[in-house]
Amino acid sequence: MTSESIFAYTQANKAAWNASAHLHGQGASWDRLLLAAAQPGFNVLDDCLISTLRELAIAGRSAVQIGCNNARELLSLAALGAQPLLGIDQSSAFLAQGAVLSDRAGLHPRLLEANIYQLPSDLGQHDLALITIGVAN
Ligand SMILES: C[S@@+](CC[C@H](N)C(=O)[O-])C[C@H]1O[C@@H](n2cnc3c(N)ncnc32)[C@H](O)[C@@H]1O
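Notes on the structure in this doc start here. (Residues numbered from 1 in each chain as written. Predicted model: local features only at pLDDT ≥ 70, side-chain atom pairs only at ≥ 80, totals over all residues.)

1. What to know about the site of the ligand
- Around the ligand sit 18 residues in total, of which Trp17, Gly67, Asn69, Gln90 and Gly134 are the nearest.
- Put simply, the parts of the chain that give the shell around the ligand at least two residues each are helix H1 (3–24) and helix H4 (72–79).
- Examining the composition of the shell around the ligand, we find that three residues originate from one element, H1, more than from any other.
- Here the residues of the shell around the ligand sort into six nonpolar, nine polar and three charged. (Near = placed C-beta within 6 Å. Helix = DSSP H or I, 4+ residues; strand = E, 2+ residues; numbered from the N terminus. Nonpolar A, V, L, I, M, F, W, Y, C, P; charged D, E, K, R; others polar.)

Written out as structure tokens, the structure is:
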């Protein structure tokens, strides 16, 4: 596969995620997520991942999530003490929802729009890099 064809695929993938974003940023599920994010200790991660992250002792450590979508998982890392937080996603529309969710949670992660195959070189160093289901293809 050439770099041109990879770029064409990622651009199409980005367009599809942006086109679907409005469906996720409205309705009962979104309203529930907004309410949950405002609760202390907001955490949507599953027990297995939580247990692994506790073993890694991420409290006070910096974390980046690659493909953070609406930042619900990124914000959950704060409940385990990780900070500062950086979320990277290609979709500006989902990152906009992430900003709303962050505001509800009273948290201020950096949310960066970028293609994970063409990341800027000035992202610094992070103690934890998290990538979860549905991102890499
Ligand atoms: C299924 S969602 C991740 C959901 C997350 N695991 C959760 O449960 O909240 C996949 C995300 O990966 C992002 N993504 C996919 N390919 C990407 C790429 N090449 N660069 C940046 N983000 C990408 C999409 O925009 C989308 O927001």
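That was the structure; now back to the text.
2. Here we look at the packing of helix H2 (residues 27–37) against helix H5 (residues 92–105)
- Contact geometry for H2 and H5: axes closest at 7 Å, N-to-C directions at 40°. Here H2 contributes Leu33, Leu34 and Ala37 to the contact with H5, which in turn contributes Leu101, Arg104 and Ala105. (Axes fitted to C-alpha atoms, helices over the stretch in contact; angles between N-to-C directions. Contact = placed C-beta atoms within 7 Å.)

3. With respect to the packing of H1 against H5
- The interhelical angle for the contact between H1 and H5, taken along N-to-C directions, is 35°, at an axis separation of 7 Å. Contact with H1, carried on its side by Trp17, Asn18, Ala21 and His24, involves Ser92, Ala93, Phe94 and Gln97 of H5 and no other residues of that element.
- Residue composition of the contact of H1 with H5, grouped by class: four nonpolar, four polar and no charged.

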